[in-house]
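Residue-level structure breakdown
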Amino acid sequence: EADIYQTPRYLVIGTGKKITLECSQTMGHDKMYWYQQDPGMELHLIHYSYGVNSTEKGDLSSESTVSRIRTEHFPLTLESARPSHTSQYLCASRETGSTGELFFGEGSRLTVL
Amino acid sequence: DAKTTQPNSMESNEEEPVHLPCNHSTISGTDYIHWYRQLPSQGPEYVIHGLTSNVNNRMASLAIAEDRKSSTLILHRATLRDAAVYYCILRPQGAQKLVFGQGTRLTINP
């Protein structure tokens, strides 16, 4: 069973608010990822990290930002939420290695009113 | 990145085998074939992966064509809990990212 946790699972918030989605893993994985997924649609990579103090933008442009100060923690922040940010955000991690299995959290479903 | 093509949806009956196809005609020699599935309201989970030879694990089997231009995920005896979206993904050796496509939505009838 995957040891990767996301909080909150569900968040409803008003426009203009700052939000942080938390993601933690206890597997000691170097690589961590954030994907965005609208209902019924495919996953899009928005951020990833190779390790502490390393962050990269993914294939889909996003107004969110991420940080990686500790190996186990990879939070995603939206400084000013808008309705267009309404989506599900999925965090994942994996071991270093070309065939490493990707472990996903259960996701954070964000609704911006 | 090499692309994969999967049917949008498939339907099968409980306790019957399911064969989920994936075409990847532009696959290169070092691309691994990965399969993930996503159950409703959950994050994706790893199913299986392979390079050239067929692979079996407790969840499924992966049959890879000799020319590697296609593969098939086999669920030997489907249950209602296997209803999910199944993603076939190519991953170049050493690649850091996994790019998901549309996947196949599998419905299992009781």
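Higher on the page you've got the structure.
Residues numbered from 1 in each chain as written. Chains lettered and ligands numbered in written order. Predicted model: local features only at pLDDT ≥ 70, side-chain atom pairs only at ≥ 80, totals over all residues. Heavy atoms only, no water.

Concerning the state of the cysteines
We apply this condition: Note that a disulfide, as used here, is simply two cysteine sulfur atoms within 2.5 Å. Secondary structure elements are defined from DSSP: runs of H or I of at least 4 residues count as helices, runs of E of at least 2 residues count as strands, and each element is numbered from the N terminus. For each residue, the accessible area found with a 1.4 Å probe, counting protein chains only, is set against the maximum for its type, and the residue is called buried under 20%, exposed over 50%, and partly exposed in between.
Evaluated as defined, the whole model comprises 2 disulfides over all chains. Each sulfur in the disulfide pair cysteine 23 of chain A and cysteine 91 of chain A lies 1.9 Å from the other. Looking down the S-S bond of the cysteine 23 of chain A and cysteine 91 of chain A bridge, the torsion is -75°, so its handedness is left-handed. Linking cysteine 23 of chain A in strand E3 (residues 19-25) with cysteine 91 of chain A in strand E9 (residues 87-94), this pair joins segments that are 68 residues apart in sequence. Given a relative accessible area of 0%, cysteine 23 of chain A falls into the buried group. Between the sulfur atoms of cysteine 22 of chain B and its disulfide partner cysteine 88 of chain B the distance amounts to 2.1 Å. Handedness here is read from the sign of the S-S torsion; for cysteine 22 of chain B and cysteine 88 of chain B, about -80°, the answer is left-handed. Placement of the pair is cysteine 22 of chain B in strand E2 (residues 18-23) and cysteine 88 of chain B in strand E8 (residues 84-92), with a sequence separation of 66 residues.

Brief notes about the packing of aromatic side chains
Keep this limit in mind: Two rings belonging to Phe, Tyr or Trp (six-membered ring only in the last case) form a pair when the distance between their centres is within 6.5 Å. Interplanar angles under 30 degrees mark stacking, angles over 60 mark edge-to-face geometry, and anything in between is tilted. In our convention, an over-ring charge means Lys NZ or Arg CZ found within 6 Å of a ring centre and within 35 degrees of that ring's normal.
Evaluated as defined, the whole model comprises 8 aromatic pairs over all chains. Their ring planes at 20° and their centres at 6.3 Å tell us that tyrosine 33 of chain A and tyrosine 48 of chain A sit as a pair that is stacked. One end of the pair, tyrosine 33 of chain A, is in strand E4 (residues 31-37); the other, tyrosine 48 of chain A, is in strand E5 (residues 44-51), and 15 residues separate them in sequence. Tyrosine 48 of chain A gets classed as buried once you look at its relative accessible area, which sits at 9%. An aromatic cluster of three or more residues is present, and its members are Tyr35 and Phe104 of chain A together with Tyr36, Tyr46, Tyr87 and Phe100 of chain B. Its end group placed over the ring of phenylalanine 74 of chain A, arginine 68 of chain A keeps NZ or CZ at 5.9 Å from the ring centre.

Overview of the environment of arginine 109 of chain A
Residue and element names in this part refer to chain A. Which entries qualify depends on this criterion: Contacts between residues were defined by any pair of non-hydrogen atoms, one from each residue, lying within 4.5 Å.
Among the structural elements, arginine 109 can be located in strand E11 (residues 108-112). Exposure remark for arginine 109: the relative accessible area of 31% places this residue in the partly exposed category. Taking the C-alpha atoms as reference points, arginine 109 and tyrosine 10, 99 residues apart in sequence, are found 4.8 Å from one another. Excluding residues that lie within four positions of it along the chain, arginine 109 makes contacts with Arg9, Tyr10, Leu11, Pro39, Ser87 and Gln88.

Some remarks on the sheet that holds strand E3 (residues 31-38) of chain B
Residues and elements named next belong to chain B. The cut-off we apply is this: Between any two strands, at least two bridges found by DSSP are needed for them to pair. Working convention: axes come from line fits to C-alpha atoms, limited for helices to the stretch in contact. Angles between N-to-C directions cover 0 to 180 degrees.
One open sheet accounts for 5 strands, arranged E1-E9-E8-E3-E4; its pairing is mixed. Sheet topology places strand E1 (9-13) and strand E4 (45-50) at the edges, where each strand pairs with a single neighbour. Direction aside, the axes of adjacent strands within the sheet are offset by 25° on average. With 5 bridges joining them, E3 and E4 adopt antiparallel strand pairing. Bridge assignment links isoleucine 33 to a residue of E4, and that residue is glycine 50.

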